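Structure at a glance
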Amino acid sequence: MRVRLDLLLDCPADAAWEALHSPAVFRAVAGPITTAESLEPEGFPERWANTEHRVRLRMLGVLPMGSQVIRVRDETQLDGTRIVHDEGGPVSGPMTLVTSWHHRMAVSPNPLSPETRTRFHDTLDVRAGLLTPFAWLGFAVLWRLRGRKIAKLAPGWAAQFGVAGGAA
């Protein structure tokens, strides 16, 4: 089943692209419902870059949800849309009920204001056997909350990531 968000963000597409590669932004938009702790010896990298990273997930910071691999791959389409794919998925704990995981985050400049606004599409395809409708419901709620946080944080991304064109 598919969970999808379509947002218009108040930041340049380059800033949104950098935010999608930031483990700090990942943790900010996931929390406080979901918290993630790096399982890698060196901790979270400064930036995701066509890489694989193991994390431990907790709900509300206390309820163990298991571990997950974040497997990041970038794609640029012919029209210039840039997509971050996470094709990892759960590897232990309750989250292993999810048997298929493909998360895509796409950014492109808004044609009406390309210097300051970005079209953002956040899509999760997920399967969990007979539990898929319940998994979908849980992810749909999380995605709405995540969308609110993304929209709230986006205006600061141009300054945070040193990208020109952000709104003052």
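Residue numbers run consecutively from 1 along every chain, following the written order of its sequence. Local features in this predicted model are restricted to residues whose pLDDT is 70 or higher, and side-chain atom pairs enter the listing and the counts only when it is 80 or higher, whereas totals over whole chains, interfaces and linings include all residues. Neither water nor hydrogens contribute to the side-chain values; these are computed over all heavy atoms in the structure.

**Looking at the packing of aromatic side chains**
Stacked, tilted and edge-to-face pairs are distinguished by plane angle, under 30 degrees for stacked and over 60 for edge-to-face with tilted covering the rest, among Phe, Tyr and Trp rings (Trp via its six-membered ring) whose centres lie within 6.5 Å. Taken as a whole and assessed by the stated rule, the structure comprises four aromatic pairs. With centroids separated by 5.5 Å and ring planes inclined at 70°, the aromatic side chains of Trp101 and Phe139 adopt a geometry described as edge-to-face. You can see Trp101 sitting in strand S7 (residues 100-109) and its partner Phe139 sitting in helix H3 (residues 132-153), a full 38 residues away along the chain. Summarising the burial analysis for this pair, Trp101 and Phe139 share the class buried. Site record: aromatic cluster; members linked through ring pairs are Phe26, Phe44 and Trp48. Helix and strand definitions here come from DSSP, where helices need a minimum of 4 consecutive H or I residues and strands a minimum of 2 consecutive E residues; each element is numbered from the N-terminal end. Residue exposure (1.4 Å probe, protein chains only): buried if accessible area is under 20% of the type maximum, exposed if over 50%, otherwise partly exposed.

**Overview of the side chain of Arg104**
Looking at where Arg104 falls in the secondary structure, it is placed in strand S7. Note on Arg104: relative accessible area 18%, which makes it buried. Residues adjacent in sequence count toward polar contacts only when both atoms are side-chain atoms; beyond that, a polar contact is any pair of N or O atoms within 3.5 Å, and within protein one must be able to donate a hydrogen and the other to accept it. Separated by 3.2 Å, the side chains of Arg104 and His102 make a polar contact. Side-chain polar atoms of Arg104 contact the side chain of Asp125, separated by 2.8 Å. Residue contacts for Arg104: discarding those within four places in its chain leaves Arg2, Ile83, Val84, His85, His121, Asp122, Thr123 and Asp125. A contact between two residues is defined here by any heavy atoms of the two lying within 4.5 Å.

**Some points on the environment of His21**
Here His21 shows up in the loop between helix H1 (13-20) and helix H2 (23-30). It is 8.8 Å that separates the C-alpha atoms of His21 and Val72, two residues lying 51 residues apart in sequence. Those residues in contact with His21, other than ones at most four positions away along the chain, are Glu46, Arg47, Trp48, Asp74 and Val84. A distance of 2.9 Å separates the side chain of His21 from the side chain of Asp74, its partner in a polar contact.

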